[in-house]
Amino acid sequence: MKPVIFGLAGLTIAPDERAFFAESVPAGYILFGRNIDNREQLRALTDDLRALHGDDRLPILIDQEGGRVSRMKPPHWPSFPPGAAFDRLYDIAPASAIEAARINAEALALDLAEVGITVDCLPLLDVAIPGGTPAIGDRALGQEPMRVAALGRAVLDGLKRGGVLGTIKHMPGHGRAMVDSHMELPRVTASDEELEQDIAPFRALRTAEIGMTGHILFEAWDAERCATLSPTIIETVIRQRIGFDGLLLSDDLDMKALAGEVPDRAARAVAAGCDIALNCWARMDEMIGIADAVPDISEASRARLDRARAAINPAKDWSHQAELLARRDALLALV
């Protein structure tokens, strides 16, 4: 097995993809809008991926956050609010906000489980600050670390109740970034002491099965390398200081915050301590290059992957989703 999650080009597994995936044996897959048409097609695609690997607990990921980051859209699926909706409710009714976040996540997870998706790249635990990049913006759960942790815990719980694993991101915190890491490398100049508030939500939710790094350079911790490529940050901050021992994914390796060829980025991310390199764009030449560049998955990373897989327990009944959505809407209406 290769320590990588790959994307796919279209609505079905192309013949060249099928041959390559069978040979390279990636740890899982991630789906985007280009892979999604309707419920029947999407379920057929995920069933085909599971059959290809003979794995009923295959990690199949998606970015289904709600708001502007939603790969599954109306009319086939309901829309979901962004994180900021629960932050606003928390201002006036904290317990109601936590409950709304939980049942929203459960309802969202039911959509994913129905079509065979097992992992959602949610919740963001990035503590927002005024003036931060709009790339985070209304996706964030708030500006206060323990509020973010409380709402994030509710999201993880709701997703799991709906049969889907969550992913805490973007470790060790994207909230202070002033630029979009999709386009350039953010540099954070905050002191080690100031960064305590950024890592606090991750520490509170450190027992999550899956986490994701951010392509952010923190001058206080490593003045040369962003978190995804920094052995210092991954070992000293994420593994030791935060205490996270779950499966650690890189953020998408195609983002312009990273320099160099994509296969080299993947090799450096794995060498730095990421368990899994995330490659989203299904370019066959890059995927072949990554498979050649990275070693087979390590024993430690395989153990973390297996722990995450064991926690996947897909829901079998989706009939109560409408009730969940109605309860969520009643709570959000309090705002």
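Rules used in this analysis
Residues numbered from 1 in each chain as written. Predicted model: local features only at pLDDT ≥ 70, side-chain atom pairs only at ≥ 80, totals over all residues. Heavy atoms only, no water. Phe/Tyr/Trp six-rings, centres within 6.5 Å; stacked < 30°, edge-to-face > 60°. Buried < 20%, exposed > 50% of the residue type's maximum accessible area, 1.4 Å probe, protein only. Helix = DSSP H or I, 4+ residues; strand = E, 2+ residues; numbered from the N terminus. Core = buried A, V, L, I, M, F, W, Y, C linked by side-chain atoms within 4.5 Å. Contact = heavy atoms within 4.5 Å. Pairing = 2+ DSSP bridges. 1 Å grid on protein atoms, 1.4 Å probe; cavity = no way out; pocket = protein on both sides within 12 Å on 5 of 7 lines; lining within 4 Å. Points joined across faces, edges and corners; volume = space filled by probe spheres on them. Nonpolar A, V, L, I, M, F, W, Y, C, P; charged D, E, K, R; others polar.

Draft legend 1. Looking closely at the packing of aromatic side chains. Enumeration according to the criterion identifies 6 aromatic pairs in this entry. With centroids separated by 4.9 Å and ring planes inclined at 70°, the aromatic side chains of F21 and Y29 adopt a geometry described as edge-to-face. The two residues F21 and Y29 agree in class, both being buried. Pairing F32 with W281 gives two aromatic rings, centres 5.5 Å apart and planes at 25°, and the pair type is stacked. Here W281 lies in the loop between β12 (276–279) and α9 (284–293) and F32 lies in the loop between β2 (26–31) and α2 (39–53), a separation of 249 residues in the sequence. We classify F32 as buried; its relative accessible area is 8%. On the basis of relative accessible area, W281 is assigned to the partly exposed category, the value being 37%. Joined through ring pairs, the aromatic side chains of F6, F20, F21 and Y29 make up one cluster.

Draft legend 2. Quick look at the nonpolar core. Ranked by size, the top nonpolar core spans 94 residues in total, and within it L42, M72, I117 and I168 carry the most contacts. The element contributing the most residues to this core is helix α4 (residues 94–114), with 11 residues. Ignoring sequence-local partners within four residues, the contact set of M72 consists of I36, L42, I62, Q64, W77, D111, L112, V115 and I117. Formed by 19 residues, the second largest nonpolar core is a distinct cluster that contains A27, I30, I276 and I312.

Draft legend 3. Looking closely at helix α8 (residues 262–272). Among all positions of α8, only V262, P263, R265, A266, A269, V270 and A272 are buried. Packed against the buried residues of α8 are β1 (2–7), α7 (231–241), β11 (247–252), β12 and α9. Immediately beyond the C-terminal end of α8, within one or two residues, lies G273, with a positive phi of roughly 130°.

Draft legend 4. A look at the pairing of β11. Burial analysis of β11 places 6 of its 6 residues in the buried class, which makes it a mostly covered element. For strand β9 (residues 210–213) and β11, the ladder comprises 3 bridges, and the chain directions are parallel. Within β11, the residue paired with G211 across the bridge is L248. Pairing of β11 with β12 involves 2 bridges; the strand directions are parallel.

Draft legend 5. The arrangement of empty space enclosed by the protein in detail. This model, assessed by the stated rule, comprises 2 cavities of 30 Å³ or more. A volume near 130 Å³ is recorded for the largest cavity. Around the largest cavity, the lining is made up of 15 residues, and of these E65, G83, L122, L141 and V155 lie nearest the centre. Elements with a contribution of two residues or more to the lining of the largest cavity: β4 (64–66) and α4. Ranked by residues supplied to the lining of the largest cavity, first place goes to α4 with 3 residues. Across the lining of the largest cavity, the residue classes break down as 10 nonpolar, 3 polar and 2 charged. P59, V119, I210, L247 and L305 are the residues nearest the centre of the second largest cavity, which is lined by 14 residues in total. Counting residues per element, the ones that place at least two in the lining of the second largest cavity are β11 and α10 (299–310).

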